[in-house]
Amino acid sequence: MIDVVFQLVIFFLFTAQFGELTHTEVDLPRQPGEQEASSEKPTFVLDINERGELYLQSDPITVDAFVALVSKEIQRVGSPESVSVRVRPDRLSTAADLNRVTRRVSELGVSRWSIATIAPSGEGAP
Amino acid sequence: MNFRPKHEDIGDASGTLPMTSMIDVVFLLLVFFLVTSTFSVSEDRLSAAAKSQRVGTGASDLTPQIVDVMARDGVVVFAMGELATPDARELRRALASLPKEPGVAIRVHDDATVAAAAAALQAARDAGFEKRSYVPADAR
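Thresholds applied
- Residues numbered from 1 in each chain as written.
- Chains lettered and ligands numbered in written order.
- Predicted model: local features only at pLDDT ≥ 70, side-chain atom pairs only at ≥ 80, totals over all residues.
- Heavy atoms only, no water.
- 1 Å grid on protein atoms, 1.4 Å probe; cavity = no way out; pocket = protein on both sides within 12 Å on 5 of 7 lines; lining within 4 Å.
- Points joined across faces, edges and corners; volume = space filled by probe spheres on them.
- Helix = DSSP H or I, 4+ residues; strand = E, 2+ residues; numbered from the N terminus.
- Phe/Tyr/Trp six-rings, centres within 6.5 Å; stacked < 30°, edge-to-face > 60°.
- Buried < 20%, exposed > 50% of the residue type's maximum accessible area, 1.4 Å probe, protein only.
- Lys NZ or Arg CZ within 6 Å of the ring centre and 35° of its normal.
- Contact = heavy atoms within 4.5 Å.
- Polar contact = N/O pair within 3.5 Å; in protein donor to acceptor, adjacent residues only side chain to side chain.
- Axes fitted to C-alpha atoms, helices over the stretch in contact; angles between N-to-C directions.
- Left-handed = near helix turned anticlockwise from the far one by under 90°.
- Nonpolar A, V, L, I, M, F, W, Y, C, P; charged D, E, K, R; others polar.
- Pairing = 2+ DSSP bridges.

Visitor: Quick question: what am I supposed to make of empty space enclosed by the protein here?
Guide: If you roll a probe as big as a water molecule over the atoms, it shows you where there is empty space left. What the rule picks out here adds up to one cavity of 30 Å³ or more. By volume, the largest cavity is sized at about 40 Å³. The wall of the largest cavity is formed by A:Val85, A:Val87, A:Val101, A:Thr102, A:Val105, A:Trp113 and B:Ala50. Secondary-structure elements contributing two or more residues to the lining of the largest cavity are strand S4 (84-89) and helix H3 (95-107) of chain A. Top element by residues in the lining of the largest cavity is H3(A). It accounts for three residues.

What follows is the structure in structure tokens.
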């Protein structure tokens, strides 16, 4: 009995995704998207809520501050090609908010970016 | 008064684990994790190259097909050449008939919604375009 309970405790300890807690709750666009490659982790994950406010790891951030962070990372790694940005936009937000970020990030030379989506219920990524 | 410890207490001090208390603690942990765990839904992604407004102006570039995502009379439409439709499936069908090598640029206007931009990217992906660019349209 105690063995089983310990197994359960260890299971929950390992599977509780504490990293996910750093994301802001947003209603992502409902599209099948592409299968997530487990080895490919974006350098930055930026959340945009329905009011167009930006969050980085649950902390509010301005476009300028975010661009400064990306710029610093580019300097650290030496090339904008090595930096990738994943945006988690709320599906109800306007593209203006997404465009504000994309314009500034692409000016830095970062072209690797993606939009996080969520598969519509009953569908998986192809 | 007898202050001498009882026999079972002596047994505990000698290294035997108090199983009852242990199980209490473990159950408490188990209930804590059961209650606090949130099973997050796995996310997918739509990848594209972020591009500035100038698309395919290089002399050696094949000019990519441009899809405009914009609002017209309060409705978000996908516009490509003569086509202007609010239906992403129609856009996908139109894109599927085009050559794929030059790629496609999804030019998203500020008045469009993120959901529509994602739908256009998805349509381009489903139509077989490997090279997809997200281009923010010039702010008015």
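There is more to say, and it comes next.
Visitor: Is there a simple way to think about the packing of aromatic side chains in this case?
Guide: Two measures describe an aromatic ring pair: the distance that separates the ring centres and the angle between the ring planes. Counted under the stated rule, the structure contains three aromatic pairs over all chains. Where A:Trp113 meets B:Tyr134, the ring centres are 4.9 Å apart and the plane angle is 85°; that geometry is what we call edge-to-face. Pair noted here: A:Trp113 is in strand S5 (residues 112-117) and B:Tyr134 is in strand S6 (residues 132-136), and the two residues belong to different chains. Of the two residues, A:Trp113 and B:Tyr134, neither departs from the other in class, the shared state being buried. When the centroid spacing of 5.2 Å and the interplanar angle of 70° are considered together, the rings of B:Phe32 and B:Phe33 count as edge-to-face. When the ring centre of B:Phe129 is taken as reference, the NZ or CZ atom of B:Lys100 above it lies at 5.4 Å.

Visitor: For this particular structure, what's the right way to read the environment of A:Thr43?
Guide: All names here are of chain A. Take Thr43: it is sitting in the loop between helix H1 (2-15) and strand S1 (44-48). Setting aside its immediate chain neighbours within four residues, Thr43 contacts Glu73, Ser82, Val83 and Ser84. Within the structure, the side chain of Thr43 is placed 3.0 Å from the backbone nitrogen of Ser84, a separation counted as a polar contact.

Visitor: Sorry if this is basic, but what is going on with the packing of helix H2 (residues 63-77) of chain A against H3(A) here?
Guide: Pairs of packed helices are described in terms of their axes, by the angle between the two and the distance that separates them. Residue and element names in this part refer to chain A. In contact at an axis separation of 10 Å, H2 and H3 are set at 30° when each is read in the N-to-C sense. As for how H2 packs across H3, the hand of that crossing is right-handed. For the pair H2 and H3, contact is made by Val63, Asp64, Phe66 and Val67 and by Arg100, Val101, Arg104 and Val105, respectively. Broken down by class, the residue content of the contact of H2 with H3 amounts to five nonpolar, no polar and three charged.

Visitor: Mind showing me how you'd approach the sheet that holds strand S2 (residues 54-56) of chain A here?
Guide: Picture the strands of a sheet paired through backbone hydrogen bonds; they go either parallel or antiparallel. Sheet architecture is open: 11 strands sit in the order S3(A)-S2(A)-S1(A)-S4(A)-S5(A)-S1(B)-S6(B)-S5(B)-S2(B)-S3(B)-S4(B), paired in mixed fashion. Both edges of this open sheet fall to strand S3 (59-61) of chain A together with strand S4 (83-85) of chain B, since each of them pairs with a single strand only. Within this sheet the neighbouring strands show an average axis-to-axis angle of 30°, counted without direction. Alignment of strand S5 (residues 104-108) of chain B against S6(B), held across five bridges, turns out to be parallel. By the bridge assignment for S6(B), B:Ala105 is matched with B:Ser133.

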